[in-house]
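Overview (structure and organization)
Each chain, letter by letter, is given below.
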Amino acid sequence: MLSLAIVGLPNVGKSTLFNALTAAKADAANYPFCTVEPNVGIVEVPDARLATLAEIVQPKRVVPAVVQFVDVAGLVKGASSGEGLGNKFLANIRETDAIVHVVRCFEDPDVLHVMGAVDPVRDRDVIELELALADLATVEKRLDRVRRAAKSADKDALAELPVLEAAYSALADGRALWHLGVDAAAHAVLQSLNLLTIKPVLYAANVSDTELTGAEGPYLRALRSTVAASGEHAEIVPFSAKIEAELADLPAEDRVEFLASLGLESAGLARLIRASYSLLGLETYFTAGEPEVRAWTIHKGDTAPKAAGVIHTDFERGFIRAETVSFDEFVANRGWKAAREKGAVRSEGKEYVVQDGDVMLFRFNV
């Protein structure tokens, strides 16, 4: 399951966004540290293809892919050294796949900013510095042990040492590791430490409802300019926490009309999840039968056995072949039977790289 940590300074819209995404109704009062314990919500991944498949197959149930959102306490300057809630949030972030950094890009005299004036560039720098300093403490401890082992000519330590020294140097300068540009081997070393700033990040820019449906304002433009200049390959997803909250209160059948009335094609949830999938290189394949129609999340480039293993390890271990048809062909032929008759169903082996939207039936033996 994809897991995303929602972080940011207090009063930037984190908990409001979380409530809207999950309908969990976490406390979103207008004061710092209202979210003391992490709130965890499971959200269905919006995918219109599921409904199309279900209409054709008429299964007993439909199971969408899901994303876990973890809303953690607002950070403040000095959090890494114990200010505010200190390091209380760190363990909750370390286990997630990516970080959604909520940044405030709107003015509202009724919603106080913990650091005074609204400044998304400053807020981004504060959070990045705190995460970097937290990582610095972790790397420093590991570096001490590796240096001692390297003196004994330990091969693993000698290979790890230059990676840790480069990471330490960057973090000591207050730079997040996503600016470092490490190769795959170095990334594996750093990832094993569960470091925060090696995780992919995307920015959720909380803008006013008028800005979301109109021209971008100066705060959002400043954030875009700073992220681009830094060389950070991070997407910025504008959203309005106010609109998302209103949307969450509506019946499902009224949401499309509400979005259309605002000139929006999709909700913030859908855009955040799409950006997260793109950020992490994820895609979806489907299984479709009478018991259920289901969406499965895999990494781009995964082979058929790897995709089968997402369902059950036995499927991967005993993989024989995968009956495969594209989503478009499945829909055009109205199901498996006609797709097989028309030759649209392929028998794919262990080397087949699964494509987004493939509808698959695995054959295995254990």
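Our structure's up above, just so we're on the same page.
In short, a report on the structure. Residue numbers here run from 1 along each chain, matching the order of that chain's written sequence. Under the rules for a predicted model, residues below a pLDDT of 70 receive no local features and side-chain atom pairs below 80 are neither given nor counted, while totals for whole chains, interfaces and linings still include all residues. Here the side-chain values reflect all heavy atoms present in the structure, with hydrogen atoms and water set aside.

In DSSP terms, a helix is any run of H or I states spanning at least four residues, a strand is any run of E spanning at least two, and both are numbered starting from the N terminus. Multiplying one less than the number of residues by 1.5 Å gives the expected span of a helix. In this model, helix 8 (residues 218-230) (13 residues) spans 18 Å end to end at C-alpha, consistent with the 18 Å of a helix rising 1.5 Å per residue. Looking only at helix 8, the buried set comprises Leu-220, Leu-223 and Val-227. Viewed end-on, helix 8 has its buried residues packed into an arc of 60°, placing them on one side of the element. Seen from the open side of helix 8, the exposed residues pointing more than 90 degrees away from its buried face are Pro-218, Ala-228 and Ala-229. Each residue gets one of three labels from its accessible area relative to the maximum for its type: buried under 20%, exposed over 50%, partly exposed in between, using a 1.4 Å probe on protein chains only. By construction, the arc corresponds to the directions joining the helix axis to the C-beta atoms.

This part is about empty space enclosed by the protein. Note on definitions: the grid is 1 Å and covers protein atoms alone; a cavity is a set of points where a 1.4 Å probe fits but cannot get out; a pocket is an open set with protein on both sides within 12 Å along at least five of seven lines; lining residues have an atom within 4 Å of a point. Grid points are joined across faces, edges and corners, and a volume is the space filled by probe spheres set on the points. A full pass over the atoms with the stated rule returns one cavity of 30 Å³ or more. Estimates place the volume of the largest cavity at around 40 Å³. In this structure, the largest cavity is lined by Val-7, Ile-99, His-101, Arg-124, Ile-127, Glu-128, Leu-131, Trp-178, Val-201 and Tyr-203. The set of elements that each furnish at least two residues to the lining of the largest cavity consists of strand 5 (98-104), helix 4 (120-151) and strand 6 (201-206). Ranked by residues supplied to the lining of the largest cavity, first place goes to helix 4 with four residues. Residues are grouped as follows: Ala, Val, Leu, Ile, Met, Phe, Trp, Tyr, Cys and Pro are nonpolar; Asp, Glu, Lys and Arg are charged; all remaining types, including Gly, are polar. Among the residues forming the lining of the largest cavity, the class breakdown is seven nonpolar, one polar and two charged.

So, on to a positive patch on the surface. A residue counts toward a patch only above 30% relative accessible area and without a salt bridge, and it is joined to like-charged neighbours within 9 Å or, for Val, Leu, Ile, Met, Phe, Trp and Tyr, to nonpolar neighbours within 5 Å. What sets the accessible areas is the Shrake-Rupley method with a 1.4 Å probe; for residues, cover comes only from the shown protein chains. In the sections that follow, a salt bridge refers to a side-chain nitrogen of Lys or Arg positioned within 4 Å of a carboxyl oxygen of Asp or Glu. Charged-residue counts in this description rest on Lys and Arg as positive and Asp and Glu as negative, His and the chain ends being excluded. We put the charge of a Lys on NZ, of an Arg on CZ, of an Asp on CG and of a Glu on CD. Together, Lys-141, Arg-145, Arg-148 and Lys-151 make up a positively charged patch on the protein surface. Within the secondary structure, Arg-148 sits in helix 4. When its relative accessible area of 53% is taken as the criterion, Arg-148 is described as exposed.

This next bit is on the packing of aromatic side chains. Pairing of aromatic rings covers Phe, Tyr and the six-membered ring of Trp, with a centre-to-centre limit of 6.5 Å; geometry is then stacked below 30 degrees between planes, edge-to-face above 60, and tilted otherwise. All told, the structure shown has five aromatic pairs when counted by the stated rule. For the pair Phe-330 and Trp-336, a centre-to-centre distance of 5.5 Å together with 85° between the ring planes defines the contact as edge-to-face. Since its relative accessible area comes to 14%, Trp-336 is described here as buried. Members of the aromatic cluster, each reached through a chain of ring pairs, are Tyr-285, Phe-319 and Phe-362. Lysine NZ or arginine CZ positioned within 6 Å of the ring centre and within 35 degrees of the ring normal marks a charge as sitting over the ring. Its guanidinium or amino end placed over the ring of Phe-106, Arg-104 lies 4.5 Å from that ring's centre, counting from NZ or CZ.

Within this structure, the stated rule accounts for 19 salt bridges. Between Glu-55 and Arg-334 there is a salt bridge whose closest N-O contact spans 2.8 Å. With a gap of 279 residues between them, Glu-55 in helix 2 (residues 48-57) and Arg-334 in the loop between helix 14 (327-332) and helix 15 (336-341) connect regions that are remote in the sequence. For Glu-55, a relative accessible area of 43% translates into the label partly exposed. A residue is classified by how much of its surface remains accessible, and Arg-334, at 48% relative accessible area, is partly exposed.

Bringing a nonpolar patch on the surface into the picture now. A contiguous nonpolar surface patch, about 320 Å² in accessible area, is contributed by Met-1, Val-40 and Ile-42. Tracing the backbone through its elements, the reader meets Val-40 in strand 2 (residues 39-44).

Attention now goes to the pairing of strand 8 (residues 282-288). Taken across its seven residues, strand 8 has seven buried, putting it largely inside the fold. By the alternation rule, side chains of strand 8 split into Leu-282, Thr-284, Phe-286 and Ala-288 and Glu-283, Tyr-285 and Thr-287, which are all buried. Paired strands, in this sense, are two strands between which DSSP finds at least two bridges. As defined by bridge partners, strand 8 adjoins strand 9 (residues 292-299) across seven bridges and the pair is classed as antiparallel. Bridge pairing in strand 9 places Leu-282 opposite His-299.

As a further point, take the packing of helix 9 (residues 241-248) against helix 10 (residues 252-261). For the pair helix 9 and helix 10, interaxial distance at closest approach is 10 Å and the crossing angle is 150°. It follows that helix 9 is roughly antiparallel to helix 10 by the angle criterion. Contact residues: Ile-243, Glu-246, Leu-247 and Ala-248 in helix 9; Arg-255, Phe-258 and Leu-259 in helix 10. For the contact of helix 9 with helix 10, a count of residues per class yields five nonpolar, no polar and two charged. Note on definitions: angles span 0 to 180 degrees between N-to-C directions of axes, and those axes are lines fitted to C-alpha atoms, for helices only across the stretch in contact. Angle categories: roughly parallel below 35 degrees, roughly antiparallel above 145, roughly perpendicular from 65 to 115, and oblique for all the rest. Whether two residues touch is decided by their heavy atoms; if any such pair falls within 4.5 Å, the residues are in contact.

For the rest of this paragraph, the subject is helix 2. Along helix 2, the residues classified as buried are Leu-50, Leu-53, Ala-54 and Ile-56. Taken down its axis, helix 2 places every buried residue within 160° of arc, on the same side. Every exposed residue of helix 2 that faces more than 90 degrees away from the buried side is listed here: Ala-48 and Ala-51. Packed against the buried residues of helix 2 are strand 3 (61-63), strand 8, strand 9, helix 14 and strand 12 (359-364). One or two steps after helix 2, the chain reaches Gln-58, where phi turns positive at roughly 55°.

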